Amino acid sequence: MIGDDDISQMQQTLTKMRQDHEVEITIRRGSTTLAPQPVRIARLGGQALTIDTLGGKEFRARVVVVGSTTLDIRPDDRFNDENGHLYRVIFVRPNRRAAVIAEAEMVE
C-alpha cells in the first residue's frame, strides 16, 4: 500500500523533474483567463500527425503537462507555450495525489 511518505517522495521527485524545465502557462477556459501557472511540458512518444484541412495543413503532436497538485487545468482548456505554440487539453488524469498530469495536443 502506498503511504503518505511514498506520496511525499513522489511529489518531491515530480517537483524536481518539473523544475528542470519549468515554464509558465496562462490557461484560457472559454472566455476566462486564469493566472499563470508553472508546469513542465514534455512530448509523449509516438508520431506527430499532419492533417489536411480546407485552409492548408495542420500539424499535431501529443504532450504531457505536469504541474503541482494545485494545477488548475481541465479538458478543452487552451494555452500557449513560451514559443507561442497552441495547445488544447484533451485529458486530465484522475489521480492527483502526487501531481496533476494532463495530456494535451499541440496544434500548429
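Going by the structure above, here's the rest.
Rules and cut-offs
Residues numbered from 1 in each chain as written. Predicted model: local features only at pLDDT ≥ 70, side-chain atom pairs only at ≥ 80, totals over all residues. Heavy atoms only, no water. Helix = DSSP H or I, 4+ residues; strand = E, 2+ residues; numbered from the N terminus. Buried < 20%, exposed > 50% of the residue type's maximum accessible area, 1.4 Å probe, protein only. Contact = heavy atoms within 4.5 Å. Areas by Shrake-Rupley, 256 points an atom, 1.4 Å probe, with all protein chains shown as cover.

**What to know about the overall build of the protein**
For the protein, the helix and strand inventory stands at one helix and nine strands. Its helices and strands taken in sequence order, the protein reads α-β-β-β-β-β-β-β-β-β from the N to the C terminus. By principal-axis analysis of the C-alpha atoms, the protein measures approximately 55 × 30 × 25 Å. Looking at the protein as a whole, 32% of its 108 residues are labelled buried. Contacts spanning at least 24 positions in sequence make up 49% of the contacts within the protein whose residues lie at least 6 apart. Of the roughly 6900 Å² of accessible surface on the protein, a fraction of 50% belongs to carbon and sulfur atoms.

**Regarding the environment of Ile27**
For Ile27, the location among the structural elements is in the loop between β1 (23-25) and β2 (28-29). Sequence separation between Ile27 and Asp72 is 45 residues; the distance between their C-alpha atoms is 8.6 Å. What Ile27 contacts, discounting residues up to four positions off in sequence, is Thr32, Thr33, Leu34, Gln37, Asp72, Ile73, Asp77, Arg78 and Phe79.

**Thoughts on the environment of Thr15**
Position of Thr15 among the secondary structure elements: in helix α1 (residues 4-20). With 84 residues separating them in the primary sequence, Thr15 and Ala99 have C-alpha atoms 8.3 Å apart.

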